[in-house]
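Results of the structural survey
Spelled out, the chains give:
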Amino acid sequence: MVLGKCIKKGITPAKTKTKNASAIAVHEKVITLIDYIFAEAGENISTYLKGGVAALNHLGQGQIVKGRQQLMTIKRLNDVYEKRSNPGNFLKLAEAVQSYFILIPTQLPPRPTPEIIVGNLVRSFYEQENRLDQLEAALGTMAVQVQDPSASKYESLGVRIERMSWHDKDHGKLVERINKTCLKRTHGFEAKVHDIFEVEIPHERKRFEDNKKGKSKVELLYHGTRGGNVRHILRSGLKIPVSAANGWMFGRGIYGANKFSKSAQYCLSSQGKPLEMLFLMDVALGKSYTAPGAMTSAISAPGGYDSVFGKASHTKNGMGSLLNDEFIVYDPAQVTLKYLVTYEKNR
């Protein structure tokens, strides 16, 4: 059975129950996936948390909550400083940054000056938010296993993950879809799919099912992310960040694409391994506003619309027009994760 030029035939072993799966029978490929997800998250945390993953034992959920609050304080003080750049305002900002790094012990550059430390943080509000999400997920999974030592990593995530059989017709359709939307000429690689897993985050799926906004048009779209983010996304679903990252052309929203290779550009292993992970999600687009150009300050779709559509060859981006379609919603209830794909890039 040929499933695509960059796909090899797979065999589905029987579901197994192992010591890693505690009371739940979990396919061995799912266990391997979970181990990889945890390793990716741990490697990423070790790059910025002072003391590495071992320091998680000295962190608490209360610190994460206070850390988020302190980030908002820093953002407010930075706005004040940008309007009035005087020593007094900088001192307040520097003190707030110092308090944040006391709450969240962070590896700092050698011989840091206050200017360097403050500058690095205020340029990375989104990244700091993301780190707090990563740390919260690490503490959450640890707490489950402390409360129940027999609980597996899989159980600590609180998500349903099932490997799709290579003989499943839906699996074949997804592989075909990936092959057709992996544009080597545009993005420089083909995708060698390893596995596709069905994903269901119970509270996130219910929120999507209860949501009415945009349901007149629901599409399956791709969403790429770094490997270190997958664990916290599986625990909480996709979130709307408080701070927009640089390059977010359509503001603070959840972005999706209809080209696999477009989303795969954002995927990267924290361990430097070739295996990457990418989500497919149902997105309630409803009535879409076709953006003529950038909407960097957007926090919602224009009145009367449910989503924003960045149209390839139409929407201007400062250097011409978009090369790929982009779809943006501004309410997490309009999104539910459906699949997780593991793959390698063949260049």
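Please refer to the structure higher up on the page.
Residues numbered from 1 in each chain as written. Predicted model: local features only at pLDDT ≥ 70, side-chain atom pairs only at ≥ 80, totals over all residues. Heavy atoms only, no water.

Describing the overall build of the protein chain
What counts here: Secondary structure counts use DSSP, requiring at least four H or I residues in a row for a helix and at least two E residues in a row for a strand, with both numbered from the N terminus. Contacts: residue pairs with any heavy atoms within 4.5 Å of one another. Here the open area of atoms and residues is found with the Shrake-Rupley method and a 1.4 Å probe, where only the protein chains shown may cover a residue.
A count of helical and extended segments in the protein chain gives 11 helices and nine strands. The principal-axis extents of the C-alpha atoms in the protein chain amount to approximately 70 × 55 × 40 Å. At a minimum sequence separation of 6, the contacts of the protein chain that also span at least 24 residues come to 76%. Carbon together with sulfur atoms contributes 53% to the accessible area of the protein chain, which is approximately 16,900 Å² in total.

Points about the sheet that holds strand E4 (residues 254-256)
Cut-off, in case you're wondering: A strand pair is defined by DSSP finding two or more bridges across the two strands. What counts as an axis is a line fitted to C-alpha atoms, over the stretch in contact for a helix, and the angles between N-to-C directions run from 0 to 180 degrees.
A sheet is described by the order of its strands in space; here four strands give the open sequence E4-E8-E7-E6, paired in mixed fashion. Strands with a single pairing partner mark the edges of an open sheet, and in this sheet they are E4 and strand E6 (288-290). Geometrically, the sheet is characterised by an average inter-axis angle of 25° between neighbouring strands, direction not taken into account. By the bridge criterion, three bridges tie E6 to strand E7 (residues 307-310) in an arrangement that is parallel. Paired with Ser-288 across the two strands is Ser-307, which belongs to E7.

Quick word on the packing of aromatic side chains
Definition in use: Only Phe, Tyr and Trp rings take part, Trp by its six-membered ring, and two of them pair if their centres are within 6.5 Å. Stacked means planes under 30 degrees apart, edge-to-face means over 60, and tilted covers everything else. For every residue, the accessible area (1.4 Å probe, protein chains only) is compared with the maximum for its type, and the residue is labelled buried under 20%, exposed over 50%, or partly exposed between those bounds.
In total, this model carries nine aromatic pairs according to the counting rule given. With centroids separated by 5.0 Å and ring planes inclined at 75°, the aromatic side chains of Phe-260 and Tyr-343 adopt a geometry described as edge-to-face. Remark: Tyr-343 occurs in strand E9 (residues 335-346) and Phe-260 occurs in helix H11 (residues 260-264); sequence separation between them is 83 residues. On the basis of relative accessible area, Phe-260 is assigned to the buried category, the value being 0%.

Observations concerning helix H2 (residues 61-83)
How we decide: Take the number of residues in a helix, subtract one, and multiply by 1.5 Å to get its expected span.
The terminal C-alpha atoms of H2 lie 34 Å apart, and with 23 residues this matches the ideal 33 Å at 1.5 Å per residue to within 8%. Listed as buried for H2 are Ile-64, Gly-67, Gln-70, Leu-71, Ile-74, Leu-77 and Asn-78. Packed against the buried residues of H2 are helix H3 (87-103), helix H4 (114-122) and helix H5 (125-147).

Observations concerning the nonpolar core
Rules: The nonpolar core is taken to be a set of buried Ala, Val, Leu, Ile, Met, Phe, Trp, Tyr and Cys residues, with the residues joined through side-chain atoms within 4.5 Å.
Judged by nonpolar contacts, the single largest core of 32 residues is most densely connected at Ile-34, Ile-37, Ile-161, Leu-234, Leu-337 and Leu-340. No other element matches the seven residues that helix H1 (residues 28-46) contributes to this core. Ranked by size, the runner-up nonpolar core spans 27 residues in total, among them Val-97, Tyr-100, Ile-117 and Val-118.

Quick word on the pattern of salt bridges
What counts is decided by this rule: What counts as a salt bridge is simple: a side-chain nitrogen of Lys or Arg found within 4 Å of a carboxyl oxygen of Asp or Glu.
Counted according to the given criterion, the structure contains 17 salt bridges. Across the pair Lys-153 and Asp-35 runs a salt bridge whose closest N-O atoms are separated by 3.4 Å. Of this pair, Lys-153 sits in helix H6 (residues 153-157) while Asp-35 sits in helix H1, placing them 118 residues apart in sequence. Residue classification places Lys-153 among the partly exposed residues on the basis of a relative accessible area of 33%. Asp-35 gets classed as partly exposed once you look at its relative accessible area, which sits at 33%. One salt bridge connects Arg-160 with Glu-162, and the closest N-O pair in it is separated by 3.3 Å. Arg-160 gets classed as partly exposed once you look at its relative accessible area, which sits at 28%. When its relative accessible area of 30% is taken as the criterion, Glu-162 is described as partly exposed.

Things to note about unusual backbone geometry
In most cases, non-glycine residues show a negative phi, while peptide bonds are predominantly trans. Despite not being glycine, Arg-111 has its phi angle at roughly 50°, a positive value. Relative to the helices and strands, Arg-111 resides in the loop between H3 and H4. Unusually for a residue other than glycine, Ser-313 sits at a positive phi of about 65°. Here Ser-313 shows up in the loop between E7 and strand E8 (326-329).

Observations concerning the side chain of Thr-106
Basically, it comes down to this: Residues adjacent in sequence count toward polar contacts only when both atoms are side-chain atoms; beyond that, a polar contact is any pair of N or O atoms within 3.5 Å, and within protein one must be able to donate a hydrogen and the other to accept it.
One can find Thr-106 in the loop between H3 and H4. At 2.7 Å, the side chain of Thr-106 forms a polar contact with the backbone oxygen of Ile-104.

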